[in-house]
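Coordinate analysis (summary)
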Amino acid sequence: MQQKKRLHKHLLLIYIFYFVALIVGLVASFAPQFTAGWREAGQTLDNDLGHGSVRTYYVNAPVAFRSGEGIEIEGLPENVTLRADEITMSVSVPETYTLRNSFRVMANNGYAYLLSMLRAGAYLAVLVLIALIINSLRKSIRDEQPLRRSNIGRTRTIGILILAAALCGAFEKWINIREATRLLADTSFEVASTFPLDYWDVIVGILFLFMAEVIAIGRNLSEEQKLTI
């Protein structure tokens, strides 16, 4: 009995820390990026409207120097060499904003924007599912009930969503790389040509799928043991 109370308290603490970390992460990371992006988008729109039929889009891609030299910046100490691993470009094109091309804000490609939204939605769903799993475990221990079968499906879904988000991010970066290659073709920059898949996210997604199978096996063994008794 004491052990179950201890486990319930531990899960409750994890549940609380999870939401605290989530809120702090949103405030410390997402909010400033959203504010900066909103401000930049407003300035871009004002500039574009001021110049008439001009539309702006952004390209972000990993790069390196073909010559192997660093970037020259006025005032930089002589003993400091600056290199660029990633570059962000703002590109203006002679087009009037329409509903169709307004979604081509990333790499001048609507699919890049769609992939970024899908990736964000997948990670948001993962956060919700993790909260549901923690809460379900806490209730199971509190009510002295076995682990609910719905958590197996939730864990599998988390793994699938993480893998899907990794693929969406990879194709989004690949679209940016293609556009950056075209824009930087006659410069000293060389754009990375490898497929930009985040293998760490792939490993995490596979681990969640593995965890789902472990939970399923454990639940089946528990049910078989009860039937045997």
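Here the structure is a predicted model, which means the values were calculated and not measured.

Digging into the packing of aromatic side chains
The full count for this structure, using the stated rule, is two aromatic pairs. Ring centres 5.6 Å apart and planes at 55° place the aromatic pair F103 and Y113 in the tilted group. Taken together, the residues span a long stretch of sequence, with F103 in the loop between β2 (86-93) and α2 (110-142) and Y113 in helix α2 at a distance of ten residues. Here F171 and F195 contribute two aromatic rings whose centre-to-centre distance is 5.3 Å and whose plane-to-plane angle is 70°, an arrangement assigned as edge-to-face. Of the two residues, F171 sits in helix α3 (residues 150-183) while F195 sits in the loop between β3 (189-191) and α4 (199-228), which places them 24 residues apart along the sequence. For F195, a relative accessible area of 36% puts it in the partly exposed group.

With respect to α2
If you check α2, its first and last C-alpha atoms are 48 Å apart, about what 33 residues at 1.5 Å a residue would give, namely 48 Å. A distance of 2.8 Å separates the backbone nitrogen of Y111 from a side-chain oxygen at the start of α2, and that oxygen is part of N109. Positive backbone phi, at 55°, marks E144, one or two positions downstream of α2.

Notes on the side chain of R55
Of note, R55 is situated in strand β1 (residues 55-65). Here the side chain of R55 touches R104 through a polar contact of 3.3 Å, landing on its backbone oxygen. There is a polar contact of 2.6 Å between the side chain of R55 and the side chain of N108.

Describing the side chain of N176
Mapping N176 onto the fold places it in helix α3. Residues within four places of N176 in sequence aside, it is in contact with Y58, V59, N60, A61 and A107.

Examining the pattern of salt bridges
Inspection of every chain in the model, using the stated rule, returns three salt bridges. Note that E172 and R119 form a salt bridge whose closest N and O atoms lie 3.3 Å from each other. Of the two residues, E172 is situated in helix α3 and R119 in helix α2; the sequence distance between them amounts to 53 residues. Given the relative accessible area of 9%, E172 is considered buried.

Some remarks on the packing of α2 against α3
The interhelical angle for the contact between α2 and α3, taken along N-to-C directions, is 160°, at an axis separation of 8 Å. Classed by the angle they form, the pair α2 and α3 counts as roughly antiparallel. Two packed elements cross with a definite hand, and for α2 against α3 that hand is left-handed. Taken together, the residues that form the contact of α2 with α3 break down as 19 nonpolar, six polar and three charged.

About the cut-offs
Within any chain, residue numbers begin from 1 and follow the written order of that chain's sequence. Note on the predicted model: pLDDT of at least 70 is required for a residue's local features to be given, and 80 or more for side-chain atom pairs to be given and counted; whole-chain, interface and lining totals, by contrast, use all residues. Excluding hydrogens and water, the side-chain figures rest on all heavy atoms present in the structure. Stacked, edge-to-face and tilted labels apply to pairs of Phe, Tyr and Trp rings (six-membered ring for Trp) whose centres lie within 6.5 Å, assigned for plane angles under 30 degrees, over 60, and everything in between, in that order. By definition, any uninterrupted DSSP run of H or I lasting at least four residues is a helix, any uninterrupted run of E lasting at least two residues is a strand, and each is numbered from the N terminus. Accessible area is worked out with a 1.4 Å probe on protein chains only. A residue is then buried under 20% of its type maximum, exposed over 50%, and partly exposed in between. The span expected for a helix works out to 1.5 Å for each residue beyond the first. Here a polar contact is taken to be a pair of N or O atoms separated by no more than 3.5 Å, where protein atoms must pair a possible hydrogen donor with a possible acceptor and residues adjacent in sequence count only if both atoms sit in side chains. Contact criterion: two residues are considered in contact whenever any of their non-hydrogen atoms come within 4.5 Å of each other. Whenever a carboxyl oxygen of Asp or Glu lies within 4 Å of a side-chain nitrogen of Lys or Arg, that contact is scored as a salt bridge. The axes are straight lines fitted to the C-alpha atoms, using for helices just the contacting stretch, and the angles between their N-to-C directions are given from 0 to 180°. Angles are sorted into four bins: roughly parallel if under 35 degrees, roughly antiparallel if over 145, roughly perpendicular if 65 to 115, and oblique for all others. With the far helix as reference, a near helix turned anticlockwise by less than a right angle produces a left-handed crossing, and one turned clockwise produces a right-handed crossing. All residues other than Ala, Val, Leu, Ile, Met, Phe, Trp, Tyr, Cys, Pro, Asp, Glu, Lys and Arg, Gly among them, are scored as polar; the first ten of these are nonpolar and the last four charged.

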